[in-house]
Amino acid sequence: MPQTAVISRQSSPVPRRHLWRRGLAVTILGTAGLLLAVLFFTLRGSGVNGTAGAALAILGALTTALGPLLAATLPPGGWRGFVQILTVLAALLSAIAGYFLMQSIYTAVMALATVAAVVLMLTGGNRP
């Protein structure tokens, strides 16, 4: 009776210190959006200074910036995928908020962050 070798499909885990690099573009764009949102919230001539919409834009950009960093600390699987989906939603809803706040540069930055987050999620950002 011939014995067959069982080949286990185990991928070598990437060291955790390299996982954050995958989401670097999303983090940079989220940070740029955060700086813009804080500027629009505090600048008197922006037309949205001190409004609740600008405060929500700050919260959305902060979530977009921190999402990939949090996802890099989680093990592959359900929670990392969940955090990545929330990051995509935060970036998308922040881009929509920027449109309604009539801040085109913020809208463009958060739209790019949305695209980068989707690309990260679809190209294996959930694998080790």
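Reading guide: rules and limits
Residue positions are counted from 1 within each chain, in the order its sequence is given. For this predicted model, a pLDDT threshold of at least 70 governs which residues receive local features, and a threshold of 80 or more governs which side-chain atom pairs are given and counted, while totals over whole chains, interfaces and linings are taken from all residues. Each side-chain value is derived from all of the structure's non-hydrogen atoms; neither hydrogens nor water enter the calculation. Working definition: helices are DSSP H or I runs of at least four residues, strands are E runs of at least two. Numbering for both runs from the N terminus. For every residue, the accessible area (1.4 Å probe, protein chains only) is compared with the maximum for its type, and the residue is labelled buried under 20%, exposed over 50%, or partly exposed between those bounds. Only heavy atoms enter the contact rule, under which two residues are in contact if any of them lie within 4.5 Å. Here the accessible surface of atoms and residues is derived via Shrake-Rupley with a 1.4 Å probe, and residues count as covered only by protein chains that are part of the display. Working rule for helices: expected span equals 1.5 Å times residues minus one. Every residue is assigned a pLDDT by the predictor, reflecting its confidence on a scale from 0 to 100.

The helix and strand inventory of the protein chain stands at five helices and zero strands. Looking at the protein chain residue by residue over its 128 residues, the buried ones come to 35%. Long-range contacts, defined here as pairs at least 24 residues apart, represent 70% of the contacts in the protein chain between residues at least 6 apart. Surface summary for the protein chain: the accessible area is close to 8,100 Å², and the carbon and sulfur share equals 72%.

In a regular helix each residue adds 1.5 Å, so 23 residues correspond to 33 Å; helix α4 (residues 78-100) covers 33 Å between its end C-alpha atoms and thus fits that length. The complete set of buried residues in α4 reads R80, G81, V83, Q84, T87, V88, A90, A91, S94, A95 and G98. Phi turns positive one or two residues past the end of α4, at M102, with a value near 60°.

Turning to the environment of A117, a few remarks are in order. Within the secondary structure layout, A117 lies in helix α5 (residues 104-122). The exposure class assigned to A117 is buried, which follows from its relative accessible area of 6%. Apart from the residues lying within four places of it in its own chain, the contact partners of A117 are V26, T87 and V88.

Looking now at the confidence of the model for the protein chain. Taken over all residues, the pLDDT of the protein chain has a mean of 84, while the share at 70 or more is 80%. Here helix α1 (residues 16-19) is the element of the protein chain with the lowest mean pLDDT, 55, and helix α2 (residues 24-42) is the one with the highest, 94. Below pLDDT 50 for its whole length, residues 6-14 participates in five contacts with residues either more than four positions away or in separate chains.

Its 19 residues give α2 an end-to-end C-alpha distance of 27 Å, which sits within 8% of 27 Å, the value for a rise of 1.5 Å per residue. Those residues of α2 not exposed but buried are V26, T27, G30, G33, L36, A37 and F40. Tucked into the core, α2 has its buried residues touching α3 (52-73), α4 and α5.

Positive phi values are uncommon outside glycine, yet M102 reaches one of about 60°. Inspection of the secondary structure puts M102 in the loop between α4 and α5.

Here we take up the environment of L112. The topology assignment puts L112 in helix α5. Overall, the relative accessible area of 52% leaves L112 in the exposed class.

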